Amino acid sequence: MKNLLIVANWKENKNQEETAVFLSDFSKTYEARPNVTVVICPPYLVVPEVWDFIKSNNIQIEVGVQNISKFEEGAHTGEISAREASEFARFAIIGHSERRALGETDEDVKKKVELAVKNNIEPIVCAVNESVPIPSGTKIVAYEPVEAIGTGNPDTPENAESIAKAIKSKNNQVQSTLYGGSVTAENVRKFTQMQNIDGVLVGGASLDPIEFSSIIKQC
Ligand code: PGA
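Residues numbered from 1 in each chain as written. Predicted model: local features only at pLDDT ≥ 70, side-chain atom pairs only at ≥ 80, totals over all residues. Heavy atoms only, no water.

Asks: In this structure, what is going on with the overall build of the chain? I would like to understand it.
Replies: When its secondary structure is counted, the chain shows eight helices and eight strands. The C-alpha atoms of the chain give 16 Å as radius of gyration, which agrees with the globular expectation for 219 residues (17 Å, within 12%). Viewed in the frame of its principal axes, the chain has a C-alpha envelope of about 45 × 40 × 30 Å. Each of the 219 residues in the chain was classed as buried or not, and the buried ones make up 50%. By sequence separation, contacts in the chain at least 24 residues apart represent 70% of the contacts at least 6 residues apart. For the chain, the accessible surface area stands at approximately 10600 Å², while carbon and sulfur atoms represent 47% of it. Within the chain, one finds 22 positive and 30 negative side-chain charges whose respective centroids are separated by 5 Å. (Helix = DSSP H or I, 4+ residues; strand = E, 2+ residues; numbered from the N terminus. Rg over C-alpha atoms; globule rule 2.2 N^0.38 Å. Buried < 20%, exposed > 50% of the residue type's maximum accessible area, 1.4 Å probe, protein only. Contact = heavy atoms within 4.5 Å. Areas by Shrake-Rupley, 256 points an atom, 1.4 Å probe, with all protein chains shown as cover. Lys, Arg positive; Asp, Glu negative; His and termini not counted. Charge placed at Lys NZ, Arg CZ, Asp CG, Glu CD.)

Asks: Where do I start with the site of the ligand in this structure?
Replies: As a structural note, the neighbourhood of the ligand is formed by 13 residues, with K11, H96, E144, G150 and S182 the closest of them. Interatomic distance of 2.7 Å between a side-chain N/O atom of H96 and an oxygen atom of the ligand. G204 is positioned with one of its backbone polar atoms (N or O) 2.8 Å from an oxygen atom of the ligand. When the ligand is considered free in solution it has 290 Å² of accessible area, and contact with the protein chains removes 95% of it. Tallied by class, the residues present in the shell around the ligand amount to four nonpolar, seven polar and two charged. (Near = heavy atom within 4 Å. Polar contact = N/O pair within 3.5 Å; in protein donor to acceptor, adjacent residues only side chain to side chain. Nonpolar A, V, L, I, M, F, W, Y, C, P; charged D, E, K, R; others polar.)

Asks: I tried to follow the environment of I68 on my own but got confused; where do I start?
Replies: Mapped onto the secondary structure, I68 falls in the loop between β3 (62–65) and α3 (82–85). Assessed through its relative accessible area of 0%, I68 is described here as buried. Residues I68 and V132, spaced 64 residues apart in sequence, show a C-alpha to C-alpha distance of 19 Å. With residues near it in sequence (within four places) discarded, I68 still touches Y44, I80, A82, A85, A92, I94, K112, L115 and A116.

Asks: How do you make sense of the sheet that holds strand β7 (residues 176–180) when you look at a structure like this?
Replies: One key point about sheets: their strands pair by backbone hydrogen bonds, in either a parallel or an antiparallel sense. Taken in spatial order, the eight strands close into a barrel running β1-β2-β3-β4-β5-β6-β7-β8, and their pairing is parallel. Shown here is a sheet whose adjacent strand axes are inclined to one another by a mean of 25 degrees, direction ignored. Where strand β2 (residues 36–41) meets β3, two bridges bridge the pair, whose relative direction is parallel. Counterpart to V39 in the pairing with β3 is E62. (Pairing = 2+ DSSP bridges. Axes fitted to C-alpha atoms, helices over the stretch in contact; angles between N-to-C directions.)

Written out as structure tokens, the structure reads:
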């Protein structure tokens, strides 16, 4: 049985109260599986809330962040450093297409990966295809075609498999490739049963606690 990584990317959704409701409902239905690592990447402001909840209730989930600063520390208004994030997060999504659309460059992604690794955070680098440069130090890549994100039109499992395979063969250091883009409880297994797909990055469907725990069950 291969090990799978299931990552929730909440994006700009959920305040404290909404997070509390999610956690309470999710913890009632979530069943940890030995070969599945589950990561929740909430907005920064509720990262400590998620962290506290899973530690105090002994729930087997990891916390991640959706981004980190490309600067180590200092006068960078509005930024959160890898060192600050590392108090809570074991993973960081880096270079999501929604961030690249706002101007994040391959060079920025490289700096962020360096800082993540230096601070013991596992970077999950997003790539829209197999040609995106993958910085050294990256072990996990999420293939996320833009047309599939938030549209309800996922890529085909066969195409996702061939891109995942190409990413691994071009980048020897990459150990896991995830698929992201309109993943649901209904289609998750079609992706995770592919040989080179080692998990999924889930946006919209991770906001619903029942749907997300069902993704974990079905994967
Ligand atoms: P989606 O988002 O599951 O809502 O398509 C995936 C992502 O952008 O990570």
